[in-house]
Amino acid sequence: MCRWLAYRGTPVYLDSLVFEPEYSLVAQSLSARQAKVPTNGDGFGVGWYAHRRVPGLFRDVLPAWNDSNLKSIAHQIRAPLFFAHVRASTGTDTSRANCHPFAHDRWLFMHNGQVGGWERLRRTLEQAIPDHLYRCRRGTTDSEALFFLLLSEGLDEDPPGALTRVVGHVLRLVAHAGEREPFRFTTALTDGERIYALRYASDAYAPSMYYREQDGELLVVSEPLDSRDDQWRAVAPAQLLCADAGGVQVAVLL
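Summarised in this report is the structure supplied together with it.

Observations concerning the layout of surface pockets
In this structure, the largest pocket encloses a volume near 210 Å³. Along the wall of the largest pocket there are 13 residues; nearest its centre are L17, R212, Q214, E217 and L219. Listing elements by their share of the lining of the largest pocket, those giving two or more residues are strand 1 (3-13), helix 1 (15-18), strand 9 (210-214) and strand 10 (217-221). The residue inventory of the lining of the largest pocket, partitioned by class, reads six nonpolar, two polar and five charged. One number sums up the size of the second largest pocket: a volume of about 160 Å³. T90, G91, T92, Q114, V115, G116, G117, W118, E119, D142 and E181 together form the lining of the second largest pocket. Breaking the lining of the second largest pocket down by element, the ones donating at least two residues are strand 6 (107-115) and helix 4 (118-126).

Pasting the structure below:
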């Protein structure tokens, strides 16, 4: 599985969250505390919004702890909203195109989980992606396929509805195929203004997700960045977090 974080608030330098905290994302790439596997070394990525409508994106295949370019740009880039992700592959190749976050137009998307039996279900699931979006697919992961399914299901107009429809589509596909491996879908997406984050699994083991809202700043993470447990709130399985200028709401979605 993977580890990720999403930030929205006063502009900050990326390294203040990716490198500096006690349990920073880079520290989690070496030794995650709440993941299925402790090491997340199959690439990384950061995406951010600064002065343009569409996000900047930097991804590479080196482990996050061993990439001097990541440390350099994180020290220089300051943004009010950004995503960061360290990857542990569930079977697909380690390539830049398979690293998160994924971007399309104004949207960023990142994921921690899996479509169980992906290699057996891939062709059927990808057939549900319209041609105009499939042409934009660059990698081979289930995560990127889910992103384009969300776009095809009305992500621009209705993000909660798109998430509900895609989860339902995948569950029906899994059931029809008789697949026994679980569908796990702890994910975050943003249009540069709002953040949506869903924690979901078809079994009892939804990948972890927490958030902290403090002084107008929001952090959504796979696991806390420090040991101040009283400041972090766990998101329960099947709950969706929605954040915009008006605040944060967490409610059952599925």
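There's plenty left to go through after this.
Here we look at unusual backbone geometry
For the peptide bond that leads from H100 to P101, omega is -5°, which places it in the cis range. Here P101 lies in the loop between strand 4 (78-86) and strand 5 (102-104). Not every positive phi belongs to a glycine, and D105 is a case in point at roughly 55°. Residue position: D105 is located in the loop between strand 5 and strand 6. Exposure remark for D105: the relative accessible area of 42% places this residue in the partly exposed category.

Brief notes about the side chain of E144
The topology assignment puts E144 in helix 6 (residues 142-152). With a relative accessible area of 4%, E144 lands in the buried category. There is a polar contact of 2.9 Å between the side chain of E144 and the side chain of R137.

Things to note about the side chain of R3
Mapped onto the secondary structure, R3 falls in strand 1. Judged by its relative accessible area of 1%, R3 is buried. For R3, the side chain forms a polar contact with the side chain of E223, separated by 2.6 Å.

What to know about the environment of F58
Within the fold, F58 resides in strand 3 (residues 56-60). Taking C-alpha positions, F58 is 5.4 Å from V46, a pair spaced 12 residues apart along the chain.

Here we look at the packing of aromatic side chains
Any aromatic ring pair is given by two values, namely how distant the centres are and how the planes are angled relative to each other. The tally for this structure, following the rule as stated, stands at six aromatic pairs. Of the aromatic side chains, those joined through ring pairs into one cluster are F109, F147 and F148. Over the aromatic face of Y13 sits the side chain of R78, whose NZ or CZ is 6.0 Å from the ring centroid.

Examining the environment of D191
When you line up the elements, D191 lands in the loop between strand 7 (183-190) and strand 8 (195-199). D191 sits in the buried class, given a relative accessible area of 5%. Each C-alpha atom of the pair D191 and G117 lies 30 Å from the other, and the pair is 74 residues apart in sequence. Sequence-distant contacts of D191, defined by excluding residues within four places in its chain, comprise Y49, R106 and W107. Polar contacts involving the side chain of D191 include one to the main-chain amide nitrogen of E193, which spans 2.9 Å. Among the polar contacts made by the side chain of D191, one reaches the side chain of R194 at a distance of 2.4 Å.

Regarding empty space enclosed by the protein
In total, this model carries one cavity of 30 Å³ or more according to the counting rule given. Around the largest cavity, the lining residues are C2, R87, A88, S89, T90, T92, H100, H111, G113, T141, D142 and S143. Split into classes, the residues belonging to the lining of the largest cavity amount to two nonpolar, eight polar and two charged.

So, how was this worked out
Residue positions are given per chain, counted from 1 along the sequence in the order it is written. Side-chain atom pairs in this predicted model are given and counted only at pLDDT of 80 or more, local residue features only at pLDDT of at least 70, and totals for whole chains, interfaces and linings cover all residues. With hydrogens and water stripped out, all remaining heavy atoms of the structure feed into the side-chain values. A 1.4 Å probe that fits but cannot get out identifies a cavity on a 1 Å grid over protein atoms alone, an open set with protein on both sides within 12 Å along at least five of seven lines counts as a pocket, and a residue lines either if it has an atom within 4 Å of a point. Grid points are joined across faces, edges and corners, and a volume is the space filled by probe spheres set on the points. The way it works is that DSSP assigns letters per residue, a run of H or I at least four long becomes a helix, a run of E at least two long becomes a strand, and they are numbered from the N terminus. Note on residue categories: nonpolar means Ala, Val, Leu, Ile, Met, Phe, Trp, Tyr, Cys or Pro, charged means Asp, Glu, Lys or Arg, and polar means any other residue, Gly included. Remark: exposure states derive from per-residue accessible area (1.4 Å probe, protein chains only) relative to the maximum for the residue type, with buried under 20%, exposed over 50%, and partly exposed in between. Pairs of N or O atoms are called polar contacts if they sit within 3.5 Å, as long as, within protein, a hydrogen donor faces a hydrogen acceptor (for residues adjacent in sequence, only side-chain-to-side-chain pairs). When two rings of Phe, Tyr or Trp (its six-membered ring) have centres within 6.5 Å they constitute a pair, described as stacked for plane angles under 30 degrees, edge-to-face for angles over 60, and tilted for the intermediate range. Any Lys NZ or Arg CZ that is within 6 Å of a ring centre and within 35 degrees of that ring's normal is treated as a charge sitting over the ring. The contact criterion used is simple: two residues touch if any of their non-hydrogen atoms lie within 4.5 Å.

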